[in-house]
Amino acid sequence: MGYKLSDLKKMSNFTITEYLTPKYVYIPLASGRDENVTIFVKKGDYVAIGTVLGKRKGANKVPIHSSVSGHVVGIVKKLYVTGEMVRCVKIENDGKESYAESTTKKKLNQYTKESFLETILDTGIVGLGGEGFPTYIKYNTDKKIHTLIVNAVECEPYITSDTALMMEKCEEILETVDAIMEINHIDRAMIAVSKANTELIHKLNNFIGTYLNIKIKVVPNIYPMGWERSLVRELCHTNYNDIPLEKGIVVNNVSTIYAIYEALKYHKPMIERVVTFTGNGFKQPCNVRIKIGTLAKDVITSLIGYQAIEEIQLVAGGPFMGSSLANDNLALSPEVNCVLALPYEKEEPILPCIRCGKCATVCPAKLNPTGIDKAYRKKDFKKLKQLEVERCIGCGLCSYICPANRNVRKQIALAKQRLREEEK
């Protein structure tokens, strides 16, 4: 299931510019969607690029690194990808680009499985597709991995950061996929690309010939085809309960693959990423390579600029799965792949649900949104559990398709949150 949308991707094109010299960075002390980190630095400390500022608590002890060298100004609060304020380590950049560790080049295929896992954990590699899931967990298994899916679909409108990176670093990404397969004894890899992305398909075809076990897989141009579960179903013709590893499958976003490349080649920690700045609210939409912790405001002021529009709505992420922002003081974390600026549109009147069933028809998780909403309003938590509300991925198609202009996605998100609280 899904829906074909206008992609609106030509606005930002497929090239990358750089903004790597911010005066300050604000490194979010957040683990995915949870602020649960032990802090290792204090005001006045000098840090280098790669200095560990903190470590996530619990089983997923992924470190958080400084993306610049300089002095710690203090622990402050800044806007995060969820639209909430979280604690950040504020660092004044001294511009010296001093690294905490050597960045000597290594051969990608020289790693054992154990040293591979150690490296991607130590360098703090997390998923760059939006959720920030620790990458080493996907490979930390004794179970046979037979398939690696590289997600280059980028199915949400406007966003082109993955495509731009792959157009620029195609050889490095293919080399890394090949090395990951060799290190982890993976039989095959598939690079999933949207049918509409003809430029990237052509680029890949120019380089992939020598990699016999890596195939390009062109997938339908529908949203949300880039969802992990949809990809596994489309490419491997199977379903899973919790994670793809149950079926011997690992899925990595293409930007994550490039981060693994830099970790294996140079022991470079998670300090940079490419972010799409786009939308009719910007003067010069583009893809920008930034240091983690850079303020979106600084990038916009230096490179992009706002259009002379009275009201602009900012979004961290895409128009469907992103979070609305009150301002542009957003600390760019690994989870942010896009900053979207759109002219503010007056909301249409919200009407009562007419039970048309369109939301259920387009739902990729095959849920019953109207039933979930009804159960939530009645506080029927047993029914919410039966309706499997926790399987909602927040794609937003239910709200998009609703003829009554109801924010169905928001209601389902509230239902998920309330059920979690009830079950604690």
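(A) Examining the environment of Val 275 more closely. Summarising the element assignment, Val 275 is placed in strand 13 (residues 272–278). Each C-alpha atom, one on Val 275 and one on Lys 43, is 29 Å from the other, the two residues being 232 residues apart in sequence.

(B) Region of the structure containing the sheet that holds strand 3 (residues 37–39). Strand order in the open sheet made by the three strands is 3-5-6, with antiparallel pairing throughout. At either margin of the open sheet sits one strand with a lone partner, and together these are strand 3 and strand 6 (63–65). Across the sheet, the mean angle separating the axes of adjacent strands is 30° when strand polarity is ignored. Relative to strand 5 (residues 52–56), strand 3 runs antiparallel, the two sharing three bridges. Among the inter-strand pairings, Thr 38 is bridged to a residue of strand 5, identified as Lys 55.

(C) Inspection of the packing of helix 3 (residues 161–168) against helix 5 (residues 198–207) at higher detail. The interhelical angle for the contact between helix 3 and helix 5, taken along N-to-C directions, is 30°, at an axis separation of 10 Å. Judged by the inter-axis angle, helix 3 sits roughly parallel to helix 5. For the pair helix 3 and helix 5, the sense of crossing is left-handed. Side by side, helix 3 and helix 5 meet where Thr 163, Met 166 and Met 167 of the first sit next to Glu 199, Leu 200, Lys 203 and Leu 204 of the second. The residue makeup of the contact of helix 3 with helix 5, split by class, is four nonpolar, one polar and two charged.

(D) Molecular detail of the pattern of salt bridges. Counted by the stated rule, this structure contains 13 salt bridges. One salt bridge connects Lys 268 with Glu 272, and the closest N-O pair in it is separated by 3.2 Å. Note on accessibility: Lys 268 and Glu 272 belong to one class, buried. When the shortest N-O distance is used, the salt bridge between Asp 373 and Arg 377 registers 3.2 Å. One end of the pair, Asp 373, and the other, Arg 377, are both in helix 10 (residues 369–377), four residues apart, so they sit about a helical turn from each other. Residues participating in the shared-partner salt-bridge network are Glu 18, Glu 168 and Arg 289.

(E) Just a negative patch on the surface, in detail. On the surface, Glu 171, Glu 175, Asp 178 and Glu 182 cluster together to form a negatively charged patch. Its place among the elements puts Glu 171 in helix 4 (residues 170–184).

(F) Geometry of the nonpolar core. Counting residues in hydrophobic clusters, the biggest one holds 50 residues, and the most contacted among them are Phe 116, Tyr 139, Leu 148, Val 177, Ile 191 and Leu 204. With residues near it in sequence (within four places) discarded, Ile 191 still touches Val 150, Ala 152, Met 166, Leu 174, Leu 204, Ile 214, Lys 215, Ile 216 and Lys 217. Judged by nonpolar contacts, the second largest core, of 41 residues, contains Val 25, Tyr 26, Ile 300 and Val 336.

(G) Representation of the sheet that holds strand 12 (residues 249–253). Strand order in the open sheet formed by four strands is 11-10-9-12, with parallel pairing between adjacent strands. Strands at the two margins of the open sheet, each flanked by one partner only, are strand 11 (214–219) and strand 12. Averaged over all adjacent pairs, the angle separating strand axes in this sheet is 25°, with direction ignored. Note: strand 10 (residues 188–194) against strand 11, six bridges, orientation parallel.

(H) Structural view of helix 5. Within the sequence span of helix 5, burial applies to Leu 200, Ile 201 and Leu 204. The buried residues of helix 5 occupy an angular sector of 100° when the element is viewed end-on, so they sit on one face. Helix 5 presents Thr 198, His 202 and Asn 206 as exposed residues on the side facing more than 90 degrees away from its buried surface. For helix 5, the secondary structure elements touched by its buried residues are helix 3, helix 4, strand 10 and strand 11.

(I) Region of the structure containing the packing of helix 1 (residues 113–122) against helix 7 (residues 254–266). The contact between helix 1 and helix 7 brings their axes to 10 Å, and the two run at 110°. By the angle between their axes, helix 1 is roughly perpendicular relative to helix 7. Touching Phe 116, Thr 119 and Ile 120 of helix 1 are Ile 260, Ala 263 and Leu 264, all from helix 7. Tallied by class, residues from the contact of helix 1 with helix 7 come to five nonpolar, one polar and no charged.

Cut-offs and rules
- Residues numbered from 1 in each chain as written.
- Predicted model: local features only at pLDDT ≥ 70, side-chain atom pairs only at ≥ 80, totals over all residues.
- Heavy atoms only, no water.
- Helix = DSSP H or I, 4+ residues; strand = E, 2+ residues; numbered from the N terminus.
- Pairing = 2+ DSSP bridges.
- Axes fitted to C-alpha atoms, helices over the stretch in contact; angles between N-to-C directions.
- Parallel < 35°, antiparallel > 145°, perpendicular 65-115°, else oblique.
- Left-handed = near helix turned anticlockwise from the far one by under 90°.
- Contact = heavy atoms within 4.5 Å.
- Nonpolar A, V, L, I, M, F, W, Y, C, P; charged D, E, K, R; others polar.
- Salt bridge = Lys/Arg side-chain N within 4 Å of Asp/Glu carboxyl O.
- Buried < 20%, exposed > 50% of the residue type's maximum accessible area, 1.4 Å probe, protein only.
- Patch = residues over 30% accessible without salt bridge, like charges linked within 9 Å, V, L, I, M, F, W, Y side chains within 5 Å.
- Areas by Shrake-Rupley, 256 points an atom, 1.4 Å probe, with all protein chains shown as cover.
- Lys, Arg positive; Asp, Glu negative; His and termini not counted.
- Charge placed at Lys NZ, Arg CZ, Asp CG, Glu CD.
- Core = buried A, V, L, I, M, F, W, Y, C linked by side-chain atoms within 4.5 Å.
- Arc of directions from axis to C-beta.

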